[in-house]
Amino acid sequence: MQNMFPAEKSISEILAKRESNGALRRLYVTDKGIDFCSNDYLGFARSKVLADMINEGMAKLNVSNGSGGSRLLAGNSKYAEELESFLARLYSSPAALVFNSGYDANVGLFSSLPLRGDTIIYDELVHASIHDGIRLSRADSFPFKHNDVAHLEERLQKAKGNIYVAIESVYSMDGDTAPLKEIVELCEKYSAHCIVDEAHATGVFGLGMVPQMNLQDKVYARVHTFGKAVGCHGAMVLGSAALKQYLVNYARSFIYTTSLPLHSLVSIECAYKLLQKSPDAVGKLNDNIVHFQGMINDNDGWIDSNSAIQSLIVPGNENVKRLALAIQAHDMDVRPIMSPTVAEGKERIRVCLHAFNTHKEIDTLLGAIKQELKK
Ligand SMILES: Cc1ncc(COP(=O)(O)O)c(C=O)c1O
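Scope of this entry: the structure provided in the associated data block.

Calculation criteria
Residues numbered from 1 in each chain as written. Predicted model: local features only at pLDDT ≥ 70, side-chain atom pairs only at ≥ 80, totals over all residues. Heavy atoms only, no water. Helix = DSSP H or I, 4+ residues; strand = E, 2+ residues; numbered from the N terminus. Buried < 20%, exposed > 50% of the residue type's maximum accessible area, 1.4 Å probe, protein only. Contact = heavy atoms within 4.5 Å. Phe/Tyr/Trp six-rings, centres within 6.5 Å; stacked < 30°, edge-to-face > 60°. Pairing = 2+ DSSP bridges. Right-handed = clockwise from strand over helix to strand, strands pointing away. Core = buried A, V, L, I, M, F, W, Y, C linked by side-chain atoms within 4.5 Å. Salt bridge = Lys/Arg side-chain N within 4 Å of Asp/Glu carboxyl O.

1. Focus: the environment of Leu275
So, point 1. Considering the arrangement of structural elements, one finds Leu275 in helix 11 (residues 262-276).
So, point 2. Classification of Leu275 by relative accessible area gives buried; the value is 12%.
So, point 3. Residues Leu275 and Ser111 lie 164 residues apart in sequence; the distance between their C-alpha atoms is 32 Å.
So, point 4. Contact partners of Leu275, with chain neighbours within four places excluded, come to Leu42, Phe44, Gly203 and Leu207.

Structure follows, in C-alpha cells:
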C-alpha cells in the first residue's frame, strides 16, 4: 500500500544513503545501565519528593487534563499568569513568557524579533533551535567562531540595524561555558542585544549563569528550559514587558499551538520551589563534576568543561557508535553523538553527570572507557 506513494521511494533512497554513511538515527529504548546520558542533572525527573509535591499541588485544583487551546484563546489561565509572575520575580526580570519547549522558545524568539535590515551574530555552536529560528527570520545572520570574542567584535563592527548576539551560557554538546562578561561588555560597546540560552546552566550554575554573574540587566533576553535540571518540560523567555507583549503578538510557536497543560505548569512551579530547597543536590552534582575532572586527562580527547556535560571526541560515526555499545556492555548508559548532529570529525561520547551518580560509578565508567579505547 505504502509503495503506491512516490514519496516512499524518495525517502527510502535518502535513508539508505544515510545508513550507508553510518549516520542513520534510530529510536531505541533502554532501561539498562547507570544513567550517564540524560539531562536530568539534579535527579528531579525521577524525584519522588517532586512527584509528591506535584500531586499535592494538582489535588488542590479543579480537574484539568489539557489546556484546551492556545494561550491566546482557551489555553490561558490564572495559574499560567501567576507562574510567569513567580518566575519573573525569581529571576529579577521584568517579565517571563512560558513556551511549550526550549525548541519553541528559540524558534519563536529568533524568527520574530530580528527584522529585515537587522543583524544576528551567533556562536557557531549554538543549538539547532536557534539555527531554525534564525532561518525563519528575515534578518542577515553571521556565525562567529566558538567563544572567540575577537571574531565576534569583527562581526559587530560590520553589523547593521538592530544587532542581536546569540550565545549559550553552557554549550549543549561541548559543555564549555561562554565568556559571558566579555561578550556582554562587547554587546554594550556596540549597542547589541545579547540573548543567552541558559538551557544547560539552569539549576546547575545556580538559577543560571546570568543571575549568578549578576548580568541580568545587561542581557536583553534569556531562554531557560525546564526539561533538563528542572526535571519537567517547557521553557521560558525572560525579558522586558514590551518583549513579552511582542512575542505574544508575533512569535508563531507561541501563538499557534495548544499551551502546556496545568500539570506541566504545576510541575514547573514545584520544581523551582524544590530547587530553592536543594543545595544538597547541587552540591553533589558539583562534587561529581570535580571528581570527574580529577580523573580525566584532557590529552585523551576530553573537551575542557566545568559543567555537567563532558565530551570525549571519537572521530567517525562508526567508531563512536562502536565505543558507545562497548561501554553500554559494562552497564553504563552513554550515547554516541554522531555527525551531522555535530560536525564531521567531532563525533563524541557525551557524558552527562548527575547529582545521583556516585564516585564509584564515575570511576567504573572511566575505567570502562579506558579499557575499550585500548582495544
Ligand atoms: C541549548 C539548548 N537550547 C534549547 C534546547 C531545546 O530545549 P527543549 O528540549 O526544551 O525543546 C536544548 C535541548 O536540547 C538545548 O540544548
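Back to the text.
2. Brief notes about the packing of aromatic side chains
So, point 1. Applying the stated criterion across every chain yields a total of five aromatic pairs.
So, point 2. Ring geometry for Tyr91 versus Tyr272: centroids 6.0 Å apart, planes at 80 degrees, classification edge-to-face. Taken together, the positions of Tyr91 in the loop between helix 3 (78-90) and strand 2 (95-99) and Tyr272 in helix 11 put the pair 181 residues apart, joining distant regions of the chain. Of the two residues, Tyr91 and Tyr272, neither departs from the other in class, the shared state being buried.
So, point 3. With 5.6 Å between their ring centres and 65 degrees between their planes, Phe99 and Phe254 make a pair best called edge-to-face.

3. Here's the deal with the pairing of strand 4 (residues 140-144)
So, point 1. Pairing of strand 3 (residues 119-123) with strand 4 involves five bridges; the strand directions are parallel. Paired with Ile120 across the strands is Ser141, a residue of strand 4.
So, point 2. In this fold, strand 3 hands off to helix 5 (residues 128-136), which returns the chain to strand 4; that crossover is right-handed.

4. Describing the pairing of strand 12 (residues 348-352)
Consecutive side chains of a regular strand alternate in pointing toward one face of the sheet and then the other.
So, point 1. Burial runs high along strand 12: five of the five residues are buried.
So, point 2. Residues Arg348, Arg350 and Cys352 point to one face of strand 12 and Ile349 and Val351 to the other, with burial holding for every one of them.
So, point 3. Sheet topology places strand 9 (residues 309-313) next to strand 12; five bridges connect them, and they run antiparallel. Opposite Leu312, over in strand 12, you have Ile349 as the bridge partner.

5. What about the nonpolar core?
So, point 1. Core analysis: the biggest nonpolar cluster contains 111 residues, and Leu87, Leu109, Val165, Ile167, Tyr272 and Ile349 have the highest contact counts within it.
So, point 2. Here the element with the most residues in this core is helix 11; it accounts for nine residues.

6. Considering the pattern of salt bridges
Close approach of charged atoms allows side chains of opposite charge to pair.
So, point 1. Counted by the stated rule, this structure contains 17 salt bridges.
So, point 2. Between Glu318 and Lys321 there is a salt bridge, with its nearest N and O atoms 3.6 Å apart. Remark: Lys321 and Glu318 occur in helix 13 (residues 317-328); sequence separation between them is three residues, near one turn of the helix.
So, point 3. Notably, a salt bridge pairs Asp333 with Arg335, separated by 2.8 Å at the nearest N-O pair.
So, point 4. Salt bridges sharing common partners tie together Asp35, Asp40 and Arg46.

7. Some words on the environment of Ala329
So, point 1. As for its position among the elements, Ala329 is in the loop between helix 13 and strand 10 (332-333).
So, point 2. Note on Ala329: relative accessible area 69%, which makes it exposed.
So, point 3. Residues Ala329 and Tyr122, spaced 207 residues apart in sequence, show a C-alpha to C-alpha distance of 39 Å.

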